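Breakdown of the fold
Listed here are the chains, written in short residue letters.
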Amino acid sequence: MVGSEVYSSEVKKTEVLMENFRRAIGLRIKEVKEVYEGEVMELTPFEGDNPVGYAKAIQHVEVSLKTAKGVKKLKLDPTIYESIQKERVSVGDVIYIESNTGSVRRMGRCDVYATEFDLEAEEYVPLPKGDVHKKKEVVQDVTLHDLDVANARPQGGNDIVAMLGAMTKPKKTEITEKLRREIDKMVDRYIDQGIAELVPGVLFIDEIQMLDLECFTYLHRALESQISPIVVLASNRGTCEVRGTDGIQSPHGLPMDLLNRLLIIRTDPYNREETAQIIQIRADIEGAKLEEAGLEALTEIGVSSSLRYAVQLITPAKLHSRVSGLDALGPESVDTMRTLFLDARSSARILTEHSNAYMK
């Protein structure tokens, strides 16, 4: 996330921080389910009299599933047939049906039919091994924020009024601290039972100097939480004012009590060889072919001005060389673009030298 994301008219700053914290914490849920899995050999719905109308109604469905070990015929409820229709299952597809919930999932087309057509937008899967009825371990990865949203969303009716009401309320709703505590208790219970495993991630906060004292206080508390991700803070500021204070100066715009708790990663400026290597990699991504002299010119700009400015000149210089009919990007195109587009230092120098010519 970026530090300026916390400033919203709909959600509190601390809520945005906590939401990103919980997005960075994963929960791997392992569940053993009884399923029926195999290739569909037969799919026959049986109709009967409808007690509430004159039209026929589906009474039950017979499905034959085949694996490498054998074939099993199942008699299914009409509601499961609706799930089969939603998945667009046909004979020759590989499916699995959960015995406890009745949910159906289409895995793909059996690879026996792979040579049926020369061109087909189908995913082919091998014929399942083992018995049709088996126990299968299902692993699902979710974040704590996903659990928060799923439990915070009001469980309204399925009628058209509830649907229109949800569509006409696009505003973000804050998740209460009480709900989060309940979710944490549920997660702890799953972990104790061995059902789930906590997977801490990494939260990267760029432009950390944009946060104010309230956010830093909340961040300090969140870092001490039992469930906390690895947090990486990034800033390109030196000593500057901490936002939300009365002119307090601090390194990188962070309060000293928070700064003392951090491990500061040492970074060094790029040397000439590293600058040339980065420019060459970026040029390859942009599809720009560099001459040796063109690479040297961009490297000189990266060393004397800034690497970002040198990288940003690649695309316009590539277009200039193409219009000029050149096969590769040379120093002439780089020099031309440098006269058209200024870097921050050159622009600041011009403003200082000709300050009287500008409005104040």
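What comes next concerns the included structure. (Residues numbered from 1 in each chain as written. Predicted model: local features only at pLDDT ≥ 70, side-chain atom pairs only at ≥ 80, totals over all residues. Heavy atoms only, no water.)

Topic: the overall build of the protein chain
So the rule is basically this: For the purposes of this entry, the term helix denotes a DSSP run of H or I that reaches at least four residues, the term strand denotes a run of E that reaches at least two, and both are numbered from the N terminus. A radius of gyration in this sense is built from C-alpha atoms; the matching globule rule multiplies 2.2 Å by the number of residues raised to 0.38. A simple rule labels every residue: compare its accessible area, found with a 1.4 Å probe on the protein chains alone, to the largest value its type can have, and call it buried under 20%, exposed over 50%, or partly exposed in between. Contacts: residue pairs with any heavy atoms within 4.5 Å of one another. Only the protein chains shown count as covering a residue, and every accessible area follows the Shrake-Rupley method with a 1.4 Å probe. His is not counted here, nor are the chain ends, while Lys and Arg score as positive and Asp and Glu score as negative. To locate a charge, take NZ of a lysine, CZ of an arginine, CG of an aspartate or CD of a glutamate.
Each helix and strand counted, the protein chain has 13 helices and twelve strands in total. Against the 2.2 N^0.38 benchmark of 21 Å for 360 residues, the protein chain shows a C-alpha radius of gyration of 31 Å, more extended than a compact globule. Overall, the C-alpha framework of the protein chain stretches about 90 × 60 × 40 Å when taken along its three principal axes. Residue burial in the protein chain is summarised as follows: out of 360 residues, 34% are buried. Long-range pairs, those at least 24 residues apart, make up 63% of the contacts in the protein chain between residues at least 6 apart in sequence. Element-wise, carbon and sulfur atoms account for 52% of the exposed surface of the protein chain, whose accessible area totals about 23400 Å². Each charge class in the protein chain can be summarised by its mean position, and for the 46 positive and 58 negative side chains these summaries are 4 Å apart.

As for unusual backbone geometry
Glycine aside, residues mostly have negative phi angles, and peptide bonds mostly take the trans form. With phi around 50°, E207 is a residue other than glycine that occupies positive phi space. The topology assignment puts E207 in the loop between strand 9 (202-205) and helix 6 (213-223). Judged by relative accessible area, which is 33%, E207 ranks as partly exposed. Within the chain, H252 stands out as a residue other than glycine whose phi angle is a positive 65°. Position of H252 among the secondary structure elements: in the loop between strand 12 (249-251) and helix 7 (256-259). Given the relative accessible area of 30%, H252 is considered partly exposed.

As for the environment of S90
Going by this rule: Each polar contact in these results corresponds to two N or O atoms within 3.5 Å; when the atoms are within protein, one needs to be able to donate a hydrogen and the other to accept it, and residues that are neighboring in sequence are counted only if both atoms are side-chain atoms.
Turning to its location among the elements, S90 is positioned in the loop between helix 2 (78-86) and strand 4 (93-98). Using a relative accessible area of 33% as the deciding quantity, one classes S90 as partly exposed. Expressed as a C-alpha distance, the spacing of S90 and A328, which sit 238 residues apart in the sequence, is 55 Å. Polar contacts involving the side chain of S90 include one to the side chain of R109, which spans 3.5 Å.

Some details on the packing of aromatic side chains
Here a ring pair, both rings aromatic, is described through the centre-centre distance and the interplanar angle of the planes. In plain terms, the rule: Centres within 6.5 Å are what make two rings of Phe, Tyr or Trp a pair, Trp counting through its six-membered ring; a difference in plane orientation under 30 degrees is then read as stacked, over 60 as edge-to-face, and the rest as tilted. Here, a charge over a ring means that NZ of Lys or CZ of Arg falls within 6 Å of the ring centre while also lying within 35 degrees of the ring normal.
Using the criterion set out here, one finds zero aromatic pairs in the structure. Lying across the ring of Y113, R109 places its NZ or CZ 4.6 Å from the centre.

Focus on a nonpolar patch on the surface
Cut-off, in case you're wondering: The patches reported here contain residues having more than 30% relative accessible area and no salt bridge. Joining distances are 9 Å for like charges and 5 Å for nonpolar side chains (Val, Leu, Ile, Met, Phe, Trp, Tyr). Every case where a carboxyl oxygen of Asp or Glu lies within 4 Å of a side-chain nitrogen of Lys or Arg is listed as a salt bridge.
On the surface, L342, I350, L351 and Y358 cluster together into a nonpolar patch covering about 350 Å² of accessible area. Structurally, I350 is set in helix 13 (residues 344-353).

A short note on helix 5 (residues 177-193)
Short version of the rule: In this scheme, a helix's expected span is set at 1.5 Å multiplied by one less than its residue total. Note that the arc is computed from the directions linking the helix axis to the C-beta atoms.
Over its 17 residues, helix 5 extends 24 Å from the first C-alpha to the last, a length consistent with the 24 Å expected when each residue adds 1.5 Å. For helix 5, the complete set of buried residues consists of L179, R180, I183 and V187. Around the axis of helix 5, the buried residues are gathered within 95° of arc, so they sit on the same side. Exposed positions of helix 5 whose direction lies more than 90 degrees from the buried face are K178, K185 and D192. Just beyond helix 5, the residue with positive phi is G194, at close to 80°.

Some thoughts on the nonpolar core
Formally: The term nonpolar core refers to a set of buried residues drawn from Ala, Val, Leu, Ile, Met, Phe, Trp, Tyr and Cys, joined through side-chain atoms within 4.5 Å.
Core analysis: the largest hydrophobic core is formed by 21 residues, its most contacted members being V6, L17, I205, I208 and F216. The greatest single-element share of this core, amounting to five residues, is contributed by helix 6. Apart from the residues within four sequence positions on either side, V6 is in contact with M1, K13, V16, L17, L211 and C215. In this structure, L295, A317, L329 and M337 belong to the second largest nonpolar core, which totals 17 residues.

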